[in-house]
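Reading the structure
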Amino acid sequence: MTATARPLPVPSAWSAGYWQAAAERRFVVQECKSCDKAIMYPKRVCPHCLGENLGWRVSAGRGEIYAVTAQLAGPPTGFADHLPYVIAVIRLDEGVQLMSNIVGDGALGARIGDRVVVDFEEVEGTVLPVFRLDAGAETRDA
Ligand SMILES: [Zn+2]
(Lines give C-alpha, C1' and ligand atoms only; values in the text may rest on other atoms or scores of the structure.)
Protein backbone atom coordinates (compact mmCIF):
# COMPACT_ATOMS: atom_id res chain seq x y z
CA MET A 1 0.00 0.00 0.00
CA THR A 2 1.30 3.43 -0.87
CA ALA A 3 0.82 6.51 1.28
CA THR A 4 -1.91 7.74 -1.04
CA ALA A 5 -3.84 4.47 -1.37
CA ARG A 6 -7.46 4.38 -0.29
CA PRO A 7 -7.70 2.74 3.13
CA LEU A 8 -9.48 -0.60 3.04
CA PRO A 9 -10.96 -2.70 5.82
CA VAL A 10 -8.74 -5.10 7.69
CA PRO A 11 -10.98 -7.98 8.84
CA SER A 12 -10.71 -9.00 12.46
CA ALA A 13 -11.49 -12.48 13.79
CA TRP A 14 -15.04 -11.34 14.60
CA SER A 15 -15.69 -9.36 11.39
CA ALA A 16 -14.18 -11.88 8.96
CA GLY A 17 -17.59 -13.46 8.27
CA TYR A 18 -19.02 -10.08 7.27
CA TRP A 19 -16.20 -9.40 4.82
CA GLN A 20 -16.22 -12.96 3.47
CA ALA A 21 -19.95 -12.63 2.72
CA ALA A 22 -19.32 -9.28 1.01
CA ALA A 23 -16.61 -10.91 -1.10
CA GLU A 24 -19.34 -13.34 -2.25
CA ARG A 25 -21.67 -10.35 -2.80
CA ARG A 26 -23.94 -11.38 0.03
CA PHE A 27 -24.92 -8.93 2.75
CA VAL A 28 -25.11 -10.28 6.28
CA VAL A 29 -25.76 -8.84 9.70
CA GLN A 30 -24.29 -10.37 12.82
CA GLU A 31 -26.86 -11.89 15.16
CA CYS A 32 -26.87 -13.13 18.70
CA LYS A 33 -28.10 -16.72 18.99
CA SER A 34 -28.92 -16.14 22.68
CA CYS A 35 -31.17 -13.04 22.49
CA ASP A 36 -31.85 -13.03 18.71
CA LYS A 37 -30.89 -9.37 18.30
CA ALA A 38 -29.09 -7.99 15.25
CA ILE A 39 -25.64 -6.50 15.81
CA MET A 40 -23.79 -3.94 13.67
CA TYR A 41 -20.82 -3.53 13.53
CA PRO A 42 -19.58 -7.07 14.16
CA LYS A 43 -18.48 -7.60 17.75
CA ARG A 44 -16.83 -10.27 19.88
CA VAL A 45 -19.75 -10.45 22.32
CA CYS A 46 -23.39 -9.40 22.09
CA PRO A 47 -23.78 -5.80 23.33
CA HIS A 48 -27.31 -6.62 24.52
CA CYS A 49 -26.84 -9.78 26.62
CA LEU A 50 -23.05 -10.32 26.55
CA GLY A 51 -23.68 -13.67 24.85
CA GLU A 52 -20.79 -15.15 22.93
CA ASN A 53 -22.82 -17.40 20.62
CA LEU A 54 -22.89 -15.13 17.58
CA GLY A 55 -23.61 -15.90 13.95
CA TRP A 56 -24.74 -14.29 10.71
CA ARG A 57 -28.14 -13.71 9.19
CA VAL A 58 -28.63 -12.92 5.53
CA SER A 59 -30.05 -9.42 5.14
CA ALA A 60 -31.98 -7.98 2.22
CA GLY A 61 -29.74 -4.96 2.69
CA ARG A 62 -32.64 -2.55 2.73
CA GLY A 63 -33.11 0.45 4.93
CA GLU A 64 -33.30 4.20 4.99
CA ILE A 65 -30.86 7.06 5.20
CA TYR A 66 -30.49 8.32 8.76
CA ALA A 67 -27.85 10.97 7.97
CA VAL A 68 -26.13 11.96 4.74
CA THR A 69 -23.45 14.30 3.43
CA ALA A 70 -21.49 14.75 0.24
CA GLN A 71 -17.73 15.15 -0.04
CA LEU A 72 -17.31 17.65 -2.87
CA ALA A 73 -13.76 18.86 -2.24
CA GLY A 74 -10.82 18.42 0.13
CA PRO A 75 -11.04 14.62 0.35
CA PRO A 76 -9.03 12.64 2.89
CA THR A 77 -5.94 10.79 1.68
CA GLY A 78 -6.77 8.13 -0.88
CA PHE A 79 -10.17 9.47 -1.93
CA ALA A 80 -9.20 12.22 -4.41
CA ASP A 81 -10.11 10.03 -7.41
CA HIS A 82 -13.60 9.42 -6.02
CA LEU A 83 -14.86 13.01 -5.79
CA PRO A 84 -17.67 13.80 -5.49
CA TYR A 85 -19.00 11.03 -3.25
CA VAL A 86 -21.78 10.59 -0.75
CA ILE A 87 -21.38 9.27 2.80
CA ALA A 88 -24.41 8.15 4.77
CA VAL A 89 -25.50 6.47 7.95
CA ILE A 90 -28.02 3.84 6.91
CA ARG A 91 -30.55 2.41 9.33
CA LEU A 92 -31.24 -1.12 8.11
CA ASP A 93 -34.69 -2.67 8.37
CA GLU A 94 -33.14 -4.98 11.00
CA GLY A 95 -32.89 -1.88 13.24
CA VAL A 96 -29.11 -1.54 13.23
CA GLN A 97 -27.15 1.08 11.36
CA LEU A 98 -23.88 1.41 9.53
CA MET A 99 -21.92 4.02 7.61
CA SER A 100 -21.39 3.51 3.90
CA ASN A 101 -21.47 5.30 0.56
CA ILE A 102 -24.51 6.06 -1.56
CA VAL A 103 -23.62 5.38 -5.19
CA GLY A 104 -25.31 5.40 -8.57
CA ASP A 105 -28.10 7.48 -10.09
CA GLY A 106 -29.26 10.34 -7.91
CA ALA A 107 -26.69 9.72 -5.16
CA LEU A 108 -25.78 13.39 -4.85
CA GLY A 109 -29.45 14.17 -4.25
CA ALA A 110 -29.86 11.57 -1.50
CA ARG A 111 -31.83 12.84 1.48
CA ILE A 112 -32.59 11.71 5.00
CA GLY A 113 -35.41 9.19 4.90
CA ASP A 114 -34.71 7.94 1.38
CA ARG A 115 -34.97 4.19 0.99
CA VAL A 116 -31.77 2.44 -0.06
CA VAL A 117 -30.69 -1.04 -1.02
CA VAL A 118 -27.28 -2.65 -0.76
CA ASP A 119 -24.97 -3.14 -3.71
CA PHE A 120 -21.32 -4.09 -3.87
CA GLU A 121 -18.29 -2.25 -5.16
CA GLU A 122 -14.89 -3.85 -5.66
CA VAL A 123 -11.93 -1.68 -4.71
CA GLU A 124 -8.47 -3.14 -5.32
CA GLY A 125 -9.69 -6.69 -4.75
CA THR A 126 -11.82 -5.92 -1.68
CA VAL A 127 -15.60 -5.98 -2.06
CA LEU A 128 -17.31 -3.21 -0.09
CA PRO A 129 -21.04 -3.04 0.68
CA VAL A 130 -22.39 0.26 -0.68
CA PHE A 131 -25.95 1.47 -1.12
CA ARG A 132 -28.07 2.77 -3.97
CA LEU A 133 -31.28 4.72 -3.81
CA ASP A 134 -34.12 2.20 -4.01
CA ALA A 135 -35.99 3.36 -7.08
CA GLY A 136 -38.85 0.97 -6.37
CA ALA A 137 -39.48 2.22 -2.85
CA GLU A 138 -42.11 4.71 -1.81
CA THR A 139 -40.61 8.13 -1.24
CA ARG A 140 -40.44 9.79 2.15
CA ASP A 141 -43.21 12.15 1.06
CA ALA A 142 -45.59 9.39 -0.04
ZN1 LIG B 1 -27.53 -11.25 22.86
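Residues numbered from 1 in each chain as written. Predicted model: local features only at pLDDT ≥ 70, side-chain atom pairs only at ≥ 80, totals over all residues. Heavy atoms only, no water.

1. Some remarks on helix α1 (residues 16-23)
Listing the buried residues of α1 in full gives Y18, A21 and A22. For α1, the angular spread of buried residues about the axis comes to 100 degrees, placing them on one side. Against β1 (28-32), β3 (54-58), β6 (97-103), β7 (115-123) and β8 (126-133) lie the buried residues of α1. Phi turns positive, to about 55 degrees, at R25, one or two residues after α1. (Buried < 20%, exposed > 50% of the residue type's maximum accessible area, 1.4 Å probe, protein only. Helix = DSSP H or I, 4+ residues; strand = E, 2+ residues; numbered from the N terminus. Arc of directions from axis to C-beta. Contact = heavy atoms within 4.5 Å.)

2. As for the coordination of the zinc ion
Summarising the metal site, the zinc ion is bound by the protein donors C32 (SG), C35 (SG), C46 (SG) and C49 (SG), whose distances to it range over 2.3 to 2.4 Å. Note that the zinc ion binds four donor atoms; their angles at the metal cover 103 to 119 degrees, and the shape is tetrahedral. All donors of the zinc ion come from a single chain, and their spacing in sequence reads C-x2-C-x10-C-x2-C. Of this pair, C32 sits in strand β1 while C49 sits in the loop between β2 (38-39) and β3, and the two are 17 residues apart along the sequence. The buried category is assigned to C32, whose relative accessible area is 0%. Overall, C49 belongs to the partly exposed group, its relative accessible area being 36%. (Donors = N, O, S within 2.8 Å, 3.2 Å for Na, K, Ca; no water. Tetrahedral: all angles 85-135°; square planar, octahedral: opposite > 155°, others 65-115°.)

3. Structural notes on the packing of aromatic side chains
Tallying each qualifying case throughout the model produces four aromatic pairs. Considering the side-chain rings of Y18 and W19, the 4.9 Å spacing of their centres and the 90 degrees angle between planes classify their relative orientation as edge-to-face. A ring pair is formed by F27 and F131, whose centres lie 6.0 Å apart and whose planes are at 85 degrees; its orientation type is edge-to-face. Placement of F27 in the loop between α1 and β1 and of F131 in strand β8 is noted, with a sequence separation of 104 residues between them. Both residues of the pair, F27 and F131, belong to the buried class. (Phe/Tyr/Trp six-rings, centres within 6.5 Å; stacked < 30°, edge-to-face > 60°.)

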